[in-house]
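Each chain, letter by letter, is given below.
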Amino acid sequence: MNFWNFVTENRLEIATLTLEHLWIVGVSTLLAIAVGIPLGILITRKPALHKPVIAIANIMQTIPSLALFGFLLPAPWIGERAGRLAILALTLYALLPIIRNTYVGITGVDRAIIDAARGMGLTDWQLLQKVELPLAASVILAGIRVALVISIGLATIAAAIGAGGLGELIFRGLAMVNNSVILAGAIPAAVLALLADTILGQLEKRFAPQRTQA
Amino acid sequence: MSFTLPNGKKILQAISFEVHRGEILILLGRSGSGKTTALKLINGLLELSGGELRVDGRPTADWDPIELRRGIGYAIQEVGLLPHYTVARNVALVPTIQNWPKEKVSARVEDLLRLVGLNSEIASRYPHQLSGGQRQRVGVARALAADPPILLMDEPFGALDPLTRADLQREFLSLQKQLGKTVLFVTHDLHEALRLGTRIALLEDGRLVSLTSKDEFLTSSEPLVKKYAEAFGTYEPQREKP
(Lines give C-alpha, C1' and ligand atoms only; values in the text may rest on other atoms or scores of the structure.)
Protein backbone atom coordinates (compact mmCIF):
# COMPACT_ATOMS: atom_id res chain seq x y z
CA MET A 1 0.00 0.00 0.00
CA ASN A 2 1.54 3.30 -0.92
CA PHE A 3 1.61 6.44 1.19
CA TRP A 4 -1.08 8.47 -0.61
CA ASN A 5 -3.53 5.60 -0.65
CA PHE A 6 -3.04 5.10 3.06
CA VAL A 7 -3.52 8.80 3.77
CA THR A 8 -6.67 9.17 1.70
CA GLU A 9 -8.24 6.03 3.09
CA ASN A 10 -7.44 6.96 6.68
CA ARG A 11 -7.82 10.72 6.49
CA LEU A 12 -10.46 10.75 9.20
CA GLU A 13 -8.27 8.87 11.63
CA ILE A 14 -5.27 11.03 10.81
CA ALA A 15 -7.32 14.16 11.40
CA THR A 16 -8.58 12.81 14.74
CA LEU A 17 -5.09 11.88 15.84
CA THR A 18 -3.79 15.30 14.80
CA LEU A 19 -6.44 16.98 16.92
CA GLU A 20 -5.58 14.70 19.82
CA HIS A 21 -1.94 15.61 19.36
CA LEU A 22 -2.75 19.30 19.35
CA TRP A 23 -4.87 18.91 22.47
CA ILE A 24 -2.09 17.21 24.44
CA VAL A 25 0.51 19.75 23.29
CA GLY A 26 -1.80 22.75 23.70
CA VAL A 27 -2.92 21.93 27.23
CA SER A 28 0.56 21.04 28.42
CA THR A 29 2.10 24.19 26.95
CA LEU A 30 -0.61 26.37 28.53
CA LEU A 31 0.02 24.68 31.88
CA ALA A 32 3.76 25.20 31.49
CA ILE A 33 3.16 28.89 30.72
CA ALA A 34 0.84 29.24 33.70
CA VAL A 35 3.46 27.75 36.00
CA GLY A 36 6.67 28.75 34.25
CA ILE A 37 6.15 32.51 33.83
CA PRO A 38 5.24 33.12 37.51
CA LEU A 39 8.17 30.92 38.56
CA GLY A 40 10.48 32.84 36.24
CA ILE A 41 9.25 36.12 37.73
CA LEU A 42 9.62 34.75 41.25
CA ILE A 43 13.29 33.93 40.76
CA THR A 44 14.00 37.46 39.54
CA ARG A 45 12.59 38.71 42.86
CA LYS A 46 14.16 36.07 45.11
CA PRO A 47 17.62 35.47 43.67
CA ALA A 48 18.29 32.73 46.23
CA LEU A 49 15.67 30.60 44.47
CA HIS A 50 17.19 31.05 41.03
CA LYS A 51 19.71 28.21 41.16
CA PRO A 52 17.50 25.54 42.75
CA VAL A 53 14.53 26.27 40.46
CA ILE A 54 16.64 26.19 37.30
CA ALA A 55 18.44 23.06 38.53
CA ILE A 56 15.16 21.19 39.10
CA ALA A 57 13.80 22.25 35.71
CA ASN A 58 17.08 21.18 34.15
CA ILE A 59 16.90 17.73 35.75
CA MET A 60 13.37 17.28 34.38
CA GLN A 61 14.74 17.82 30.91
CA THR A 62 17.43 15.21 31.32
CA ILE A 63 15.03 12.40 32.24
CA PRO A 64 14.41 10.34 29.10
CA SER A 65 10.79 10.81 28.11
CA LEU A 66 9.82 7.14 28.18
CA ALA A 67 11.28 6.84 31.67
CA LEU A 68 9.37 9.93 32.82
CA PHE A 69 6.10 8.41 31.57
CA GLY A 70 6.98 5.30 33.54
CA PHE A 71 7.80 7.24 36.73
CA LEU A 72 4.49 9.08 36.59
CA LEU A 73 2.42 5.94 36.02
CA PRO A 74 1.89 5.13 39.74
CA ALA A 75 0.84 8.72 40.55
CA PRO A 76 -2.74 8.97 41.86
CA TRP A 77 -5.35 10.50 39.49
CA ILE A 78 -2.64 11.41 36.98
CA GLY A 79 -1.71 7.80 36.36
CA GLU A 80 -5.30 6.71 35.80
CA ARG A 81 -5.52 8.17 32.31
CA ALA A 82 -2.79 8.09 29.71
CA GLY A 83 -3.85 11.55 28.46
CA ARG A 84 -3.33 13.17 31.84
CA LEU A 85 -0.01 11.48 32.19
CA ALA A 86 1.19 12.66 28.83
CA ILE A 87 0.07 16.22 29.54
CA LEU A 88 1.87 16.29 32.89
CA ALA A 89 5.09 14.90 31.41
CA LEU A 90 5.07 17.37 28.53
CA THR A 91 4.36 20.22 30.95
CA LEU A 92 7.43 19.29 32.98
CA TYR A 93 9.57 19.28 29.83
CA ALA A 94 8.25 22.63 28.66
CA LEU A 95 8.99 24.36 31.97
CA LEU A 96 12.71 24.91 31.59
CA PRO A 97 12.75 27.06 28.44
CA ILE A 98 9.83 29.12 29.72
CA ILE A 99 11.24 29.71 33.22
CA ARG A 100 14.69 30.44 31.89
CA ASN A 101 13.57 32.86 29.21
CA THR A 102 11.25 34.69 31.59
CA TYR A 103 14.18 35.14 33.96
CA VAL A 104 16.63 36.17 31.25
CA GLY A 105 14.10 38.48 29.61
CA ILE A 106 13.31 40.35 32.80
CA THR A 107 16.85 40.58 34.13
CA GLY A 108 17.94 41.77 30.68
CA VAL A 109 15.85 44.94 30.83
CA ASP A 110 18.12 47.99 30.95
CA ARG A 111 18.97 48.97 34.55
CA ALA A 112 18.54 52.67 33.78
CA ILE A 113 14.96 52.11 32.64
CA ILE A 114 14.13 50.15 35.80
CA ASP A 115 15.75 52.75 38.06
CA ALA A 116 13.96 55.60 36.34
CA ALA A 117 10.62 53.80 36.53
CA ARG A 118 11.06 52.98 40.21
CA GLY A 119 12.25 56.51 40.85
CA MET A 120 8.98 57.76 39.33
CA GLY A 121 7.15 55.87 42.04
CA LEU A 122 5.91 52.75 40.25
CA THR A 123 4.98 49.97 42.63
CA ASP A 124 6.62 46.57 42.19
CA TRP A 125 3.48 45.29 40.48
CA GLN A 126 3.28 48.28 38.12
CA LEU A 127 6.95 47.90 37.31
CA LEU A 128 6.39 44.27 36.37
CA GLN A 129 3.26 44.87 34.38
CA LYS A 130 4.09 48.14 32.62
CA VAL A 131 7.84 47.83 32.17
CA GLU A 132 9.42 44.45 32.73
CA LEU A 133 6.92 42.08 31.11
CA PRO A 134 6.36 44.18 27.98
CA LEU A 135 10.08 44.62 27.47
CA ALA A 136 10.76 40.93 28.13
CA ALA A 137 7.83 39.75 25.99
CA SER A 138 9.81 38.74 22.92
CA VAL A 139 12.34 36.77 24.96
CA ILE A 140 9.57 35.00 26.86
CA LEU A 141 7.82 34.22 23.57
CA ALA A 142 11.05 32.73 22.24
CA GLY A 143 11.02 30.39 25.26
CA ILE A 144 7.43 29.39 24.62
CA ARG A 145 8.31 28.76 20.98
CA VAL A 146 11.11 26.38 21.93
CA ALA A 147 8.86 24.63 24.46
CA LEU A 148 6.09 24.23 21.92
CA VAL A 149 8.28 22.79 19.17
CA ILE A 150 9.90 20.35 21.60
CA SER A 151 6.47 19.31 22.90
CA ILE A 152 5.10 18.57 19.43
CA GLY A 153 7.97 16.17 18.83
CA LEU A 154 7.90 14.61 22.29
CA ALA A 155 4.15 14.12 22.20
CA THR A 156 4.61 11.41 19.57
CA ILE A 157 6.22 9.28 22.26
CA ALA A 158 3.14 9.64 24.45
CA ALA A 159 1.47 7.12 22.16
CA ALA A 160 3.70 4.48 23.76
CA ILE A 161 1.62 4.73 26.93
CA GLY A 162 -1.63 4.89 24.99
CA ALA A 163 -2.19 8.63 25.15
CA GLY A 164 -3.00 8.80 21.43
CA GLY A 165 -1.85 11.50 19.08
CA LEU A 166 0.16 11.15 15.88
CA GLY A 167 2.68 8.91 17.62
CA GLU A 168 0.13 6.14 17.36
CA LEU A 169 0.63 5.96 13.59
CA ILE A 170 4.37 6.01 14.03
CA PHE A 171 4.37 3.14 16.53
CA ARG A 172 1.87 1.21 14.44
CA GLY A 173 4.01 1.69 11.34
CA LEU A 174 7.08 0.54 13.24
CA ALA A 175 5.29 -2.61 14.38
CA MET A 176 4.02 -3.29 10.86
CA VAL A 177 7.36 -2.35 9.28
CA ASN A 178 5.36 -0.05 7.02
CA ASN A 179 6.94 3.23 6.06
CA SER A 180 3.71 4.72 4.70
CA VAL A 181 2.06 4.40 8.10
CA ILE A 182 5.10 5.87 9.87
CA LEU A 183 5.14 8.81 7.47
CA ALA A 184 1.41 9.38 7.90
CA GLY A 185 2.19 10.12 11.56
CA ALA A 186 5.58 11.75 11.18
CA ILE A 187 4.78 14.22 8.40
CA PRO A 188 1.78 15.87 10.08
CA ALA A 189 3.80 16.10 13.31
CA ALA A 190 6.65 17.81 11.46
CA VAL A 191 4.22 20.18 9.72
CA LEU A 192 2.66 21.08 13.08
CA ALA A 193 6.09 21.83 14.50
CA LEU A 194 7.01 24.02 11.54
CA LEU A 195 3.70 25.87 11.71
CA ALA A 196 4.05 26.51 15.44
CA ASP A 197 7.60 27.72 14.91
CA THR A 198 6.63 30.15 12.15
CA ILE A 199 3.57 31.56 13.92
CA LEU A 200 5.40 32.14 17.20
CA GLY A 201 8.37 33.53 15.32
CA GLN A 202 6.06 36.15 13.81
CA LEU A 203 4.59 36.96 17.22
CA GLU A 204 8.06 37.29 18.65
CA LYS A 205 8.93 39.85 16.01
CA ARG A 206 5.81 41.85 16.73
CA PHE A 207 6.72 42.04 20.39
CA ALA A 208 10.38 42.80 19.80
CA PRO A 209 11.36 45.88 21.79
CA GLN A 210 11.87 49.17 20.00
CA ARG A 211 15.49 49.85 19.29
CA THR A 212 17.18 50.74 22.51
CA GLN A 213 18.15 54.31 23.13
CA ALA A 214 21.43 55.51 21.76
CA MET B 1 15.27 69.59 54.38
CA SER B 2 18.35 68.14 55.97
CA PHE B 3 20.13 64.86 56.09
CA THR B 4 23.12 62.98 57.37
CA LEU B 5 24.28 59.77 55.86
CA PRO B 6 27.27 57.79 57.02
CA ASN B 7 27.39 54.70 54.82
CA GLY B 8 28.62 51.28 55.80
CA LYS B 9 30.01 50.55 52.35
CA LYS B 10 31.77 53.89 52.54
CA ILE B 11 30.38 55.03 49.25
CA LEU B 12 29.22 58.03 51.20
CA GLN B 13 30.80 58.79 54.54
CA ALA B 14 29.04 60.89 57.10
CA ILE B 15 27.86 63.46 54.64
CA SER B 16 25.64 66.13 56.00
CA PHE B 17 23.99 68.97 54.21
CA GLU B 18 20.77 70.79 53.76
CA VAL B 19 18.96 71.79 50.64
CA HIS B 20 17.04 75.04 50.72
CA ARG B 21 13.62 75.31 49.22
CA GLY B 22 13.71 76.71 45.71
CA GLU B 23 17.46 76.49 45.19
CA ILE B 24 19.50 74.50 42.74
CA LEU B 25 22.08 72.63 44.74
CA ILE B 26 24.79 71.09 42.59
CA LEU B 27 26.47 67.89 43.63
CA LEU B 28 29.80 68.12 41.88
CA GLY B 29 32.45 65.44 41.79
CA ARG B 30 34.29 62.88 39.71
CA SER B 31 32.70 59.59 38.74
CA GLY B 32 32.63 57.32 41.75
CA SER B 33 32.52 60.16 44.24
CA GLY B 34 29.05 59.17 45.42
CA LYS B 35 26.90 61.82 43.74
CA THR B 36 24.47 59.40 42.15
CA THR B 37 24.33 57.35 45.33
CA ALA B 38 23.26 60.44 47.23
CA LEU B 39 20.35 60.99 44.85
CA LYS B 40 19.26 57.36 45.00
CA LEU B 41 19.25 57.54 48.78
CA ILE B 42 16.93 60.49 48.66
CA ASN B 43 14.25 58.82 46.58
CA GLY B 44 14.75 55.51 48.30
CA LEU B 45 16.20 53.53 45.39
CA LEU B 46 18.99 52.74 47.84
CA GLU B 47 18.60 52.36 51.57
CA LEU B 48 20.45 54.40 54.14
CA SER B 49 22.88 52.32 56.13
CA GLY B 50 23.11 54.86 58.87
CA GLY B 51 22.27 58.39 59.75
CA GLU B 52 19.14 60.23 58.89
CA LEU B 53 17.63 61.82 55.84
CA ARG B 54 14.68 64.15 56.04
CA VAL B 55 12.41 65.25 53.25
CA ASP B 56 10.08 68.07 54.25
CA GLY B 57 11.31 67.64 57.80
CA ARG B 58 10.13 64.04 57.89
CA PRO B 59 12.66 61.17 58.04
CA THR B 60 12.55 59.09 54.86
CA ALA B 61 12.13 55.95 56.94
CA ASP B 62 8.68 57.28 57.91
CA TRP B 63 7.65 57.92 54.32
CA ASP B 64 5.86 55.39 52.20
CA PRO B 65 8.54 54.94 49.50
CA ILE B 66 6.02 55.07 46.66
CA GLU B 67 4.42 58.25 47.94
CA LEU B 68 7.85 59.77 48.54
CA ARG B 69 9.00 59.04 44.99
CA ARG B 70 5.85 60.42 43.45
CA GLY B 71 6.56 63.72 45.17
CA ILE B 72 10.07 63.84 43.74
CA GLY B 73 10.77 64.27 40.05
CA TYR B 74 13.64 62.16 38.77
CA ALA B 75 15.59 62.69 35.57
CA ILE B 76 18.70 60.69 34.71
CA GLN B 77 21.39 60.71 32.11
CA GLU B 78 20.37 57.79 29.94
CA VAL B 79 16.93 59.27 30.46
CA GLY B 80 15.34 55.92 31.18
CA LEU B 81 12.40 56.62 28.93
CA LEU B 82 10.28 53.53 28.43
CA PRO B 83 11.20 52.40 24.91
CA HIS B 84 7.80 50.77 24.32
CA TYR B 85 5.84 53.91 25.29
CA THR B 86 5.24 56.92 23.09
CA VAL B 87 6.49 60.31 24.22
CA ALA B 88 3.00 61.19 25.44
CA ARG B 89 2.67 58.02 27.51
CA ASN B 90 6.15 58.48 28.94
CA VAL B 91 5.37 62.00 30.06
CA ALA B 92 2.00 60.87 31.37
CA LEU B 93 3.50 58.02 33.40
CA VAL B 94 3.27 59.50 36.89
CA PRO B 95 -0.11 61.21 36.44
CA THR B 96 -1.47 57.94 35.01
CA ILE B 97 -0.35 55.79 37.91
CA GLN B 98 -1.85 58.40 40.21
CA ASN B 99 -5.15 57.90 38.38
CA TRP B 100 -5.62 61.42 37.12
CA PRO B 101 -8.66 61.69 34.85
CA LYS B 102 -7.83 61.18 31.18
CA GLU B 103 -8.59 64.72 29.94
CA LYS B 104 -6.47 66.21 32.71
CA VAL B 105 -3.56 63.94 31.79
CA SER B 106 -3.62 64.80 28.10
CA ALA B 107 -3.93 68.51 28.85
CA ARG B 108 -0.98 68.21 31.21
CA VAL B 109 1.12 66.38 28.61
CA GLU B 110 0.43 69.12 26.08
CA ASP B 111 1.40 71.84 28.57
CA LEU B 112 4.57 70.03 29.56
CA LEU B 113 5.77 69.45 26.04
CA ARG B 114 5.29 73.14 25.33
CA LEU B 115 7.05 74.01 28.58
CA VAL B 116 10.18 72.06 27.63
CA GLY B 117 10.11 73.44 24.11
CA LEU B 118 8.90 70.42 22.22
CA ASN B 119 6.51 70.40 19.31
CA SER B 120 3.30 68.53 20.14
CA GLU B 121 3.75 66.54 16.92
CA ILE B 122 6.33 64.34 18.59
CA ALA B 123 3.86 63.18 21.25
CA SER B 124 3.04 60.06 19.27
CA ARG B 125 6.66 59.12 18.53
CA TYR B 126 8.75 56.54 20.31
CA PRO B 127 11.94 57.45 22.18
CA HIS B 128 14.22 55.82 19.58
CA GLN B 129 12.79 58.14 16.93
CA LEU B 130 13.98 61.23 18.81
CA SER B 131 17.29 63.05 18.88
CA GLY B 132 19.35 63.03 22.08
CA GLY B 133 18.28 66.56 22.95
CA GLN B 134 14.61 65.78 22.41
CA ARG B 135 14.88 62.71 24.62
CA GLN B 136 16.40 64.75 27.44
CA ARG B 137 13.60 67.28 27.13
CA VAL B 138 11.06 64.48 27.34
CA GLY B 139 12.91 63.20 30.41
CA VAL B 140 12.64 66.61 32.06
CA ALA B 141 8.96 66.90 31.09
CA ARG B 142 8.29 63.50 32.61
CA ALA B 143 10.05 64.45 35.83
CA LEU B 144 7.88 67.57 36.07
CA ALA B 145 4.64 65.80 35.17
CA ALA B 146 2.97 65.53 38.56
CA ASP B 147 4.36 68.92 39.60
CA PRO B 148 6.63 67.58 42.34
CA PRO B 149 8.17 70.22 44.61
CA ILE B 150 11.55 68.49 44.46
CA LEU B 151 13.58 67.48 41.41
CA LEU B 152 16.52 65.09 41.39
CA MET B 153 18.58 65.35 38.24
CA ASP B 154 21.44 62.99 37.57
CA GLU B 155 23.56 64.46 34.77
CA PRO B 156 20.42 64.98 32.73
CA PHE B 157 22.33 66.85 30.02
CA GLY B 158 25.41 64.64 30.17
CA ALA B 159 25.20 62.87 26.84
CA LEU B 160 24.51 65.92 24.68
CA ASP B 161 26.64 67.89 22.28
CA PRO B 162 27.85 71.22 23.75
CA LEU B 163 25.44 73.42 21.80
CA THR B 164 22.34 71.41 22.63
CA ARG B 165 23.51 71.21 26.21
CA ALA B 166 23.91 74.96 26.45
CA ASP B 167 20.39 75.41 25.05
CA LEU B 168 18.91 73.00 27.52
CA GLN B 169 20.80 74.53 30.44
CA ARG B 170 19.52 77.98 29.56
CA GLU B 171 15.97 76.75 29.19
CA PHE B 172 16.23 74.79 32.40
CA LEU B 173 17.30 77.91 34.29
CA SER B 174 14.37 79.94 33.05
CA LEU B 175 12.06 77.04 33.75
CA GLN B 176 13.37 76.86 37.29
CA LYS B 177 12.76 80.61 37.72
CA GLN B 178 9.15 80.08 36.67
CA LEU B 179 8.50 76.97 38.72
CA GLY B 180 10.64 77.51 41.82
CA LYS B 181 11.40 73.83 42.34
CA THR B 182 13.93 72.60 44.83
CA VAL B 183 16.56 70.95 42.67
CA LEU B 184 19.42 68.61 43.43
CA PHE B 185 21.55 68.43 40.34
CA VAL B 186 24.40 65.97 39.85
CA THR B 187 27.18 66.78 37.42
CA HIS B 188 30.91 66.33 36.97
CA ASP B 189 31.10 69.42 34.80
CA LEU B 190 32.17 72.54 36.69
CA HIS B 191 31.04 74.68 33.81
CA GLU B 192 27.52 73.35 34.18
CA ALA B 193 27.73 73.63 37.97
CA LEU B 194 28.65 77.31 37.82
CA ARG B 195 26.05 78.07 35.25
CA LEU B 196 23.11 76.40 36.96
CA GLY B 197 23.88 76.20 40.65
CA THR B 198 22.76 78.35 43.51
CA ARG B 199 25.24 76.50 45.68
CA ILE B 200 27.82 73.85 44.90
CA ALA B 201 28.63 70.81 47.02
CA LEU B 202 31.89 69.16 46.04
CA LEU B 203 32.11 65.42 46.73
CA GLU B 204 35.27 63.35 46.64
CA ASP B 205 35.56 59.69 47.68
CA GLY B 206 32.21 59.80 49.41
CA ARG B 207 33.08 62.85 51.46
CA LEU B 208 31.71 66.32 51.27
CA VAL B 209 34.76 68.48 50.59
CA SER B 210 33.08 71.84 50.43
CA LEU B 211 29.68 73.42 50.23
CA THR B 212 29.68 77.01 49.06
CA SER B 213 27.78 79.46 46.97
CA LYS B 214 28.99 79.48 43.42
CA ASP B 215 30.82 82.77 43.82
CA GLU B 216 32.70 81.52 46.84
CA PHE B 217 33.59 78.32 44.99
CA LEU B 218 36.12 79.90 42.64
CA THR B 219 37.86 81.78 45.45
CA SER B 220 37.85 78.97 48.01
CA SER B 221 41.12 78.07 49.72
CA GLU B 222 40.22 74.38 50.00
CA PRO B 223 42.97 72.56 48.02
CA LEU B 224 40.67 70.28 46.00
CA VAL B 225 38.32 73.12 45.15
CA LYS B 226 41.35 75.12 44.02
CA LYS B 227 42.32 72.29 41.72
CA TYR B 228 38.88 72.36 40.17
CA ALA B 229 38.97 76.11 39.87
CA GLU B 230 42.38 75.97 38.21
CA ALA B 231 41.26 73.30 35.76
CA PHE B 232 38.30 75.49 35.02
CA GLY B 233 40.49 78.53 34.53
CA THR B 234 42.24 76.86 31.63
CA TYR B 235 39.18 77.08 29.49
CA GLU B 236 37.69 80.16 31.01
CA PRO B 237 38.52 82.31 27.94
CA GLN B 238 35.87 80.44 25.97
CA ARG B 239 33.21 80.98 28.59
CA GLU B 240 30.35 83.07 27.39
CA LYS B 241 29.29 85.97 29.55
CA PRO B 242 26.23 85.16 31.58
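Structure shown above.
A brief report on the enclosed structure follows.

## Description of the overall build of chain B
Piece 1. In terms of regular secondary structure, chain B is built from ten helices and ten strands.
Piece 2. In terms of overall dimensions, chain B is globule-like: its C-alpha atoms have a radius of gyration of 18 Å, near the 18 Å expected for 242 residues.
Piece 3. Principal-axis analysis of the C-alpha atoms gives chain B an extent of 55 × 45 × 30 Å.
Piece 4. Counting across all 242 residues of chain B, residues that qualify as buried make up 40%.
Piece 5. For chain B, the proportion of contacts with a sequence separation of at least 24, taken over those separated by at least 6, is 69%.

## Remarks on the interface of chain A and chain B
One frequent convention defines the size of an interface as the accessible area lost when the parts assemble.
Piece 1. Listed per partner, the contact involves 21 residues of chain A and 22 residues of chain B.
Piece 2. Sorting the residues of the side of chain A that touches chain B by element identifies α6 (111–119) and α7 (124–154) of chain A as the ones contributing at least two each.
Piece 3. Broken down by element, the side of chain A that touches chain B gets its largest block of residues, seven residues, from α6(A).
Piece 4. Here the residues of the side of chain A that touches chain B sort into eleven nonpolar, seven polar and three charged.

## Things to note about unusual backbone geometry
Residues and elements named next belong to chain B.
Piece 1. In this model, asparagine 99 sits at a positive phi of 60 degrees, which is unusual for a non-glycine residue.
Piece 2. Along the chain, asparagine 99 turns up in the loop between α4 (93–97) and α5 (102–115).
Piece 3. A residue is classified by how many C-beta atoms lie within 10 Å of it, and asparagine 99, with 7 of them, is exposed.
Piece 4. Of note, aspartate 147 is a non-glycine position whose phi angle comes to about 55 degrees, a positive value.
Piece 5. Turning to its location among the elements, aspartate 147 is positioned in the loop between α6 (132–144) and β7 (150–154).
Piece 6. Residue classification places aspartate 147 among the partly exposed residues on the basis of 13 C-beta atoms within 10 Å.

## A closer look at the pairing of β7(B)
Residue and element names in this part refer to chain B.
Piece 1. Summarising burial for β7: five of the five residues are buried, a large majority.
Piece 2. Burial along β7 is two-sided: the face carrying Ile150, Leu152 and Asp154 and the face carrying Leu151 and Met153 are both buried.
Piece 3. Bridge count between strand β6 (residues 72–76) and β7: five bridges; the pairing is parallel. Each residue of the ladder has a partner; that of isoleucine 72, found in β7, is isoleucine 150.
Piece 4. Here five bridges tie β7 to strand β8 (residues 182–187), and the two strands are oriented parallel to one another. Bridge assignment links methionine 153 to a residue of β8, and that residue is phenylalanine 185.

## Some remarks on the nonpolar core
Piece 1. Counting 117 residues, the largest nonpolar core has A:Leu90, B:Ile26 and B:Phe185 as the members making the most contacts within it.
Piece 2. Take this core: its biggest share by element is 14 residues, from helix α5 (residues 82–107) of chain A.
Piece 3. Contacts of B:Phe185, omitting those with residues within four sequence positions, involve B:Ile24, B:Leu25, B:Ile26, B:Leu27, B:Met153 and B:Leu196.

## Remarks on the packing of α7(A) against helix α9 (residues 179–206) of chain A
Residue and element names in this part refer to chain A.
Piece 1. Where α7 meets α9, the axes come as close as 9 Å, and the angle between the chain directions of the two elements is 175 degrees. As summarised for this structure, α7 and α9 are arranged roughly antiparallel, according to the angle between their axes. Listed contacts from α9 to Ser138, Leu141, Ala142, Ile144, Arg145, Leu148, Val149, Ile152 and Gly153 of α7 are Ala189, Leu192, Ala193, Ala196, Asp197, Leu200, Gly201, Leu203 and Glu204.
Piece 2. Among the residues making up the contact of α7 with α9, the classes are represented as twelve nonpolar, three polar and three charged.

## Describing α6(A)
Piece 1. Within α6(A) the residues assigned to the buried category are A:Ile113, A:Ala116, A:Ala117, A:Arg118 and A:Gly119.
Piece 2. Residues of α6(A) that are buried sit in contact with α7 of chain A together with α2 (65–70) and β6 of chain B.
Piece 3. Following α6(A) by one or two positions, A:Gly121 has its phi on the positive side, about 100 degrees.

Conventions used here
Residues numbered from 1 in each chain as written. Chains lettered and ligands numbered in written order. Predicted model: local features only at pLDDT ≥ 70, side-chain atom pairs only at ≥ 80, totals over all residues. Helix = DSSP H or I, 4+ residues; strand = E, 2+ residues; numbered from the N terminus. Rg over C-alpha atoms; globule rule 2.2 N^0.38 Å. Buried ≥ 20, exposed ≤ 12 C-beta atoms within 10 Å, placed from the backbone. Contact = placed C-beta atoms within 7 Å. Nonpolar A, V, L, I, M, F, W, Y, C, P; charged D, E, K, R; others polar. Pairing = 2+ DSSP bridges. Core = buried A, V, L, I, M, F, W, Y, C linked by C-beta atoms within 7 Å. Axes fitted to C-alpha atoms, helices over the stretch in contact; angles between N-to-C directions. Parallel < 35°, antiparallel > 145°, perpendicular 65-115°, else oblique.

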